[in-house]
Amino acid sequence: MPFVTGFTPSTSAPLFHNGPWPAGLDLDVTLEGLPAVSIDVTRMGLCGGMSFLARDIAESGTPQLRGTDPTRVPVPVARHILHRLIDSFLGPGVIARWVHVTSELDHGTWFWGRGLFAETVEAAHEVMAAVDAGVLVPIGVVLAQSVWPWDVFQNHVELVYGYDLDGGQLTLHVYDCNAEGSDRVTISLDISASAPAKPVSTNGTAMAGQPGRIRGFFVLPYVHADPAPAYLDDATLSLTTAPPAEMAPGETAAVMATVENTGSTTLDPARGYHLGMPASPTSVWGTDRGELAGPLDPGQVTTVTTTLVAPGAGTADLQVQAARDGSSWFGRPSEVARVSVAGQSAPALGEPDDGEALLTRLTELQADRMQIDWSDPFTARRESSAIAREMDAIARSLG
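Report on the accompanying structure. In this text the structure is predicted, and so the values were computed from the model without any measurement.

Considering the overall build of the chain
Next up, step 1: Within the chain, the regular secondary structure consists of 7 helices and 18 strands.
Next up, step 2: Out of the 399 residues belonging to the chain, those deemed buried represent 46%.
Next up, step 3: Taking as baseline every contact in the chain between residues at least 6 positions apart, the subset at least 24 positions apart corresponds to 67%.
Next up, step 4: With the model as given, the accessible surface of the chain reaches about 18,400 Å², and the carbon-plus-sulfur share is 54%.

In structure tokens, the structure reads:
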């Protein structure tokens, strides 16, 4: 029972179905050997792109795409899948091979040659050799029988990740993007002889009007592509519970933010995803982040509660936005909550409570601002904002 190590559809391949896709993905395509056509990708399956992307992700070691609604896949991500679909057609001789296997008969004849079943048995040995070597194998699954070239689009693409061989009976374990998340989809056939043609069965995508049957398959040539374009960080934030409009210096308040993951990546705190406060650095509210309780998959919504400490007298703004450690802010930030902080906080024991101390602090802040290292703009903006807000509060206190 050889399997490609570390790969199963439920834990590795995208979890969204093979369409329907977001609007705006119509594509004019010209492929060698076929007339130009405008394809409405919104309602079309992108099985070749899905299978190629699944292998791209596995080979790159990048996280699984865990969104479950294809209509909410961000358009740039869907467009990348579309590009990989086109790649699946552009390998050496692929278009001609699709036309050939779609038009030929299952059994051998003088006119058509060996027939699709004999070619499928040959492809099966190629698939097994690849899996033995630890390689995922995209296969063209033949469902249609037609001499009309555009009927090749009635066929399908799947990704083989394992097999069982019992005597001459071969069972391939496949990722079928029409059965997303399932580790139980198989293709079975008897490869003990290449003739006569025998049935090829499946519990996955099958021929129209013939459940459980496919005509055959062949191995698609594959070239790796970086899956990075399939990963889009995006989130929409709102303040479910805002801080009071008026607070006293040092007063605490629990603030709740609602987070909706509108991207394609899972917002995993273990990978540095959190909520930041771009308008409210540490020196203002006592913290600059809110922590997610756990991974937030695309399409999911959660709330994050953070306790804030009111700054000194003046006006302070609070806004939350998604962020990732070492990266910039992303997504749509929440609305801005403006808080008026009345009165002055008591000076620490032993510190002078007069304008001289404030002027000294103002001088220190000016020096700090001049020394900000702007080689890291993300951190520098936070430091600059913090200093500016403290200087503004001191200026208001001095009148």
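There is more to say, and it comes next.
Some words on the packing of aromatic side chains
Next up, step 1: Per the stated rule, a full pass over the model turns up 8 aromatic pairs.
Next up, step 2: Between F52 and Y222 the ring centres are 5.3 Å apart and the planes differ by 70 degrees, which places this aromatic pair in the edge-to-face class. Here Y222 lies in the loop between strand 9 (216-219) and strand 10 (235-241) and F52 lies in helix 1 (residues 47-60), a separation of 170 residues in the sequence.
Next up, step 3: Both rings, one in W150 and one in F153, keep their centres 4.8 Å apart while their planes meet at 15 degrees; by these two values the pair is stacked.
Next up, step 4: A relative accessible area of 18% places W150 in the buried class.
Next up, step 5: Overall, the relative accessible area of 28% leaves F153 in the partly exposed class.

What to know about the nonpolar core
Next up, step 1: By size, the foremost hydrophobic cluster in this structure holds 67 residues, and its most contacted members are W21, W98, V127, L172, I187 and F217.
Next up, step 2: Per-element tally for this core: the top contributor is helix 4 (residues 116-132), with 9 residues.
Next up, step 3: In this view, W21 contacts F16, V41, T42, M44, L46, M50, P70, T71, V73, A78 and I81; residues no more than four positions away in its chain are not counted.
Next up, step 4: By size, the runner-up hydrophobic cluster in this structure holds 27 residues, among which are M247, L296, A322 and V341.

Structural notes on the sheet that holds strand 10
Next up, step 1: Taken in spatial order, the 3 strands of this open sheet run 10-12-15, and their pairing is antiparallel. Each edge of the open sheet carries a strand with a single partner, namely strand 10 and strand 15 (301-309). Within the sheet, the average angular offset between the axes of one strand and its neighbour, ignoring direction, is 30 degrees.

Comments concerning the pattern of salt bridges
Next up, step 1: Following the criterion strictly, the structure yields 10 salt bridges and no others.
Next up, step 2: Here E59 ties to R55 by a salt bridge, and the two come within 2.7 Å at their closest N and O atoms. Of this pair, E59 and R55 both sit in helix 1, 4 residues apart, which is roughly one turn of the helix.
Next up, step 3: For E291, the salt bridge identified is with R289, shortest N-O distance 2.6 Å.
Next up, step 4: Classification of R289 as partly exposed rests on a relative accessible area of 26%.

What counts and what doesn't
- Residues numbered from 1 in each chain as written.
- Predicted model: local features only at pLDDT ≥ 70, side-chain atom pairs only at ≥ 80, totals over all residues.
- Heavy atoms only, no water.
- Helix = DSSP H or I, 4+ residues; strand = E, 2+ residues; numbered from the N terminus.
- Buried < 20%, exposed > 50% of the residue type's maximum accessible area, 1.4 Å probe, protein only.
- Contact = heavy atoms within 4.5 Å.
- Areas by Shrake-Rupley, 256 points an atom, 1.4 Å probe, with all protein chains shown as cover.
- Phe/Tyr/Trp six-rings, centres within 6.5 Å; stacked < 30°, edge-to-face > 60°.
- Core = buried A, V, L, I, M, F, W, Y, C linked by side-chain atoms within 4.5 Å.
- Pairing = 2+ DSSP bridges.
- Axes fitted to C-alpha atoms, helices over the stretch in contact; angles between N-to-C directions.
- Salt bridge = Lys/Arg side-chain N within 4 Å of Asp/Glu carboxyl O.

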